[in-house]
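Listed below, chain by chain, are the residues.
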Amino acid sequence: MLSDNLSSSKLKERFVAVKTEDGHYTLYSNEFQEHCHSLSGAFQETMHFYVQGCQIEEILKRNDHCKILEIGTGSGTGYEATLSNYKIEHGNLDFVTVEKDKDLVDWLITCRTLDRNDVPGFCELKLFYSDNDVSFYHAKKNGVSLTLLQGDCRISLPKFLNQNSFSPDAIFQDPFSPQKNSTLWSVEWFMFLKKISNSNTVMSTYSASSAVRKSMLEAAWKIQEINGIGRKKSGTKAVLSGDSDELLLDHLGRSPQLPILDSGLKT
Ligand SMILES: C[S@@+](CC[C@H](N)C(=O)[O-])C[C@H]1O[C@@H](n2cnc3c(N)ncnc32)[C@H](O)[C@@H]1O
């Protein structure tokens, strides 16, 4: 269980395992001073905002395959929730997830278990590329492929995409909050995500911040509201074809918040 094996790992000074109200654990990061999930339910929130928010089941039905990019691996709940309703006959799943914390990645590979073994688990990941900044891991079984890019994703993702062809159908935008990790919510970041996407890509996030929504709009994503769950009132879905919600645009037009900028990120 997440809480047992975490306390004996190198991570214990930087992360604390916390049980959330749906019985699933999240991690509290001492560095970011934030939980990886809402305390009202780590698994429930992940299912709602990401797996259902991006309509993974519908993408699989439509295409027979689905390529998912998760920004922030954290405790591995995004992958676990994606697999919870997934059957091999639904089609191929290609899950790429990014995590900058090396010790967290080492812990995932050594200790993180899943409750099924017909698909690759974190413990089956093998290193296939490494340099001073990044380490890339991969495992594949029964049409499901799991790739974990360790390193700052502003470096690891462009590097990975230079070597591999991957354009996500769905993006789980789940780094820590804009207050704690603003560069991954900036106009430049959303422009980068747009550049690597295709016309049908859907991005979803738990964040309903006006600054985040304005950053997405500035990067030419169309934004729509996702209903909330637990203590969260709403989230955001962003698409590249289709329209933004008129009500949201109207609300944003009256908000004094500005888009978030990251002058250090080249697009
Ligand atoms: C909210 S948690 C992700 C939770 C995860 N999606 C899950 O379901 O368990 C955010 C994660 O993003 C990682 N992160 C933050 N900034 C990053 C960056 N620049 N590059 C890669 N990972 C980053 C953090 O270390 C943290 O583990």
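The rules behind the values
- The residue numbers shown here count from 1 along each chain, following its written sequence.
- Local features in a predicted model are, by the rule used here, given only for residues with pLDDT of at least 70; side-chain atom pairs are given and counted only at 80 or more, and totals for whole chains, interfaces and linings are based on all residues.
- Secondary structure elements are taken from DSSP: a helix is a run of H or I of four residues or more, a strand is a run of E of two residues or more, and numbering for both begins at the N terminus.
- The burial criterion counts other C-beta atoms lying within 10 Å of a residue's C-beta, which is placed from the backbone; the residue is buried at 20 or more, exposed at 12 or fewer, and partly exposed between these limits.
- The arc in question is the one traced by the directions running from the helix axis out to the C-beta atoms.
- Each residue gets a C-beta atom placed from its backbone. Should that atom fall within 6 Å of a molecule or strand, the residue is termed near it.
- Under the grouping applied here, Gly and all other residues not named as nonpolar or charged are polar, the nonpolar ones being Ala, Val, Leu, Ile, Met, Phe, Trp, Tyr, Cys and Pro and the charged ones Asp, Glu, Lys and Arg.
- A pair of strands is treated as paired once DSSP finds two or more bridges between them.
- Helix axes are fitted to C-alpha atoms over the stretch in contact, other axes to C-alpha atoms as well, and angles between N-to-C directions run from 0 to 180 degrees.
- Orienting the strands away from the viewer, one traces the path from the first strand over the helix to the second; a clockwise path indicates a right-handed crossover.
- What counts as a contact here is a pair of residues whose C-beta atoms, placed from the backbone, lie within 7 Å.

Trainee: Could you clarify how one ought to interpret unusual backbone geometry in this entry?
Mentor: Backbone geometry follows two general trends: most residues other than glycine have a negative phi, and most peptide bonds adopt the trans configuration. If you check the backbone angles, D64 has positive phi at about 70° while not being a glycine. Along the chain, D64 turns up in the loop between α3 (56-63) and β4 (65-71). According to the C-beta neighbour criterion, D64 is exposed, with 12 such atoms within 10 Å. The backbone phi angle of N142 is positive, close to 50°, even though this residue is not glycine. For N142, the location among the structural elements is in the loop between β7 (135-141) and β8 (144-150). Of the residues examined, N142 has 11 C-beta atoms within 10 Å and is grouped as exposed.

Trainee: Where do I start with helix α5 (residues 102-111) in this structure?
Mentor: Each turn of an α-helix holds 3.6 residues, which means side chains three or four residues apart point in the same direction. Within α5 the residues assigned to the buried category are L104, V105, W107 and L108. For α5, the buried positions fall inside an angular range of 160° around the axis, keeping them on one side. α5 presents K102 and T110 as exposed residues on the side facing more than 90 degrees away from its buried surface.

Trainee: Honestly, the site of the ligand in this entry has me stumped. Any pointers?
Mentor: Taken together, 23 residues are adjacent to the ligand, and G72, G74, T77, K100 and C153 come closest. A breakdown of the residues in the shell around the ligand according to their chemical character gives 7 nonpolar, 9 polar and 7 charged.

Trainee: For this particular structure, what's the right way to read the sheet that holds strand β5 (residues 92-99)?
Mentor: Through backbone hydrogen bonds, the strands of a sheet pair up, either in parallel or in antiparallel fashion. Ordered by their spatial adjacency, 9 strands build an open sheet running β6-β7-β8-β5-β4-β9-β10-β12-β11, and the pairing between neighbours is mixed. On the outer flanks of this sheet lie β6 (126-130) and β11 (222-229), each paired with one strand and no other. Within the sheet, the average angular offset between the axes of one strand and its neighbour, ignoring direction, is 20°. The sheet contact formed by β4 and β5 spans 7 bridges and is parallel. Considered in β5, the bridge of I71 is made with V98.

Trainee: I keep staring at the pairing of strand β10 (residues 202-205) and nothing clicks. Help me out?
Mentor: In summary, the side chains of a regular strand alternate between the two faces of the sheet. Side chains V202 and S204 project from β10 onto one buried face, and the interleaved M203 and T205 project onto a second face that is buried too. Sheet topology note: the strand β9 (residues 170-173)/β10 ladder contains 3 bridges and is parallel. By the bridge assignment for β10, A170 is matched with V202. Following the chain from β9 across helix α7 (residues 187-196) to the adjacent parallel β10, one finds a crossover that is right-handed. As judged from the 4 bridges shared by β10 and strand β12 (residues 232-239), these two strands associate in the antiparallel manner. The partner of M203 across the bridge, within β12, is A238.

Trainee: Looking at this model, I keep getting lost on α7. Mind explaining?
Mentor: Considered for burial, the residues of α7 that qualify are V187, E188, W189, F190, F192 and L193. At its buried positions, α7 is contacted by β9, β10 and α8 (210-218).

Trainee: Help me out: how do you make sense of the sheet that holds strand β3 (residues 34-35) in this one?
Mentor: Spatially, 3 strands are ordered β1-β2-β3 in an open sheet, and the strand pairing comes out antiparallel. Edge positions in the sheet fall to β1 (15-19) and β3, since each of these pairs with one other strand and no more. Direction of pairing for strand β2 (residues 25-29) relative to β3: antiparallel, over a ladder of 2 bridges. Opposite S29, over in β3, you have E34 as the bridge partner.

Trainee: Would you explain the environment of G72 in this entry?
Mentor: Looking at where G72 falls in the secondary structure, it is placed in the loop between β4 and α4 (77-84). By C-beta crowding, G72 is classed as partly exposed, having 19 other C-beta atoms within 10 Å. In this structure the C-alpha to C-alpha distance between G72 and A220, which are 148 residues apart in sequence, comes to 23 Å. The residues contacting G72, other than those within four sequence positions of it, are V98, E99, D174 and P175.

Trainee: What is the right way to read the environment of A219 from this model?
Mentor: Within the fold, A219 resides in the loop between α8 and β11. C-beta crowding within 10 Å serves as the criterion here: with 20 such atoms nearby, A219 is assigned to the buried category. Residues A219 and H65, 154 residues apart in the sequence, show an inter-C-alpha distance of 27 Å. Excluding its chain neighbours within four sequence positions, the residues that come into contact with A219 are V187, F190, M191 and K194.

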